Amino acid sequence: MAYQPLPTPKSLRAAADATAARGEPLVVIITLRGCVYCELVRNSYLHPLMREGRLIAVQLDLQDKATAIQDFGGRTTTPAALAEEWRVRLTPTVFFFGPEGRELAERLEGVTSTDFYGSYLDERLESARKALKR
């Protein structure tokens, strides 16, 4: 599978506000270059759903200590520091955020079953959308 990255936002706050205005959670995947499961999730699930207009996703690299990114509180940090702050233990980890960085659904950690990953992702998206409306 070819490496097809998702965008890395300059501001998580701005990205989450923009997606919430559309009634959608911000999907953030914590990824690692060379991680085959990250490639699988990105290429087989996130990219197709984005092309269909069913979600908005961005990525943060677990080891990226150089890229400046604004967190949900407006503080400048790096993707690696955010992954540590969010206690990411394995890749891929997929988050579903609303404005202010509130997690709207249970995060998806790793890939336990390729047969069911799509339905796990759909369930989390549905939960996040409902939580966003509250």
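The model shown is predicted, which means the values in this text are computed figures rather than measured ones.

Q: What is the right way to look at the side chain of Ser 113 in this model?
A: Looking at where Ser 113 falls in the secondary structure, it is placed in the loop between β6 (108-109) and α4 (117-133). From its side chain, Ser 113 meets the backbone nitrogen of Asp 115 in a polar contact 3.3 Å long.

Q: Can you walk me through the state of the cysteines in this structure?
A: Here is the idea: a disulfide is a covalent bond, and it sits between the sulfur atoms of two cysteines. In this structure the tally under the stated criterion is one disulfide. The residue that forms a disulfide with Cys 35 is Cys 38, at a sulfur-sulfur distance of 2.5 Å. On the sign convention where negative means left-handed, the S-S torsion of about 80 degrees between Cys 35 and Cys 38 marks this disulfide as right-handed. On the accessibility criterion, Cys 35 (10% relative accessible area) is buried. Since its relative accessible area comes to 0%, Cys 38 is described here as buried.

Q: What's the story with the nonpolar core in this structure? I'm lost.
A: As a rule of thumb, nonpolar side chains are buried together in soluble globular proteins. In terms of nonpolar packing, the biggest core is built from 22 residues, with Val 27, Leu 46, Val 94, Phe 96, Tyr 117 and Leu 121 touching the most fellow members. No other element matches α4, which puts six residues into this core. The next biggest cluster of nonpolar side chains, apart from the first, holds 17 residues, and it includes Leu 82, Ala 83, Val 88 and Phe 97.

Q: What is the right way to look at unusual backbone geometry in this model?
A: Peptide bonds are trans in most cases, and residues, glycine excluded, mostly fall at negative phi. Looking along the chain, the bond that leaves Thr 91 and enters Pro 92 is cis, with omega of -5 degrees. Along the chain, the position of Pro 92 falls in the loop between α3 (79-85) and β5 (93-97). Even without glycine at this site, Arg 87 takes up a positive phi of about 60 degrees. The residue Arg 87 is located in the loop between α3 and β5 in this model. Despite not being glycine, Glu 100 has its phi angle at roughly 65 degrees, a positive value. Mapped onto the elements, Glu 100 comes out in the loop between β5 and β6.

Calculation rules
- Residues numbered from 1 in each chain as written.
- Predicted model: local features only at pLDDT ≥ 70, side-chain atom pairs only at ≥ 80, totals over all residues.
- Heavy atoms only, no water.
- Helix = DSSP H or I, 4+ residues; strand = E, 2+ residues; numbered from the N terminus.
- Polar contact = N/O pair within 3.5 Å; in protein donor to acceptor, adjacent residues only side chain to side chain.
- Disulfide = S-S within 2.5 Å.
- Buried < 20%, exposed > 50% of the residue type's maximum accessible area, 1.4 Å probe, protein only.
- Core = buried A, V, L, I, M, F, W, Y, C linked by side-chain atoms within 4.5 Å.

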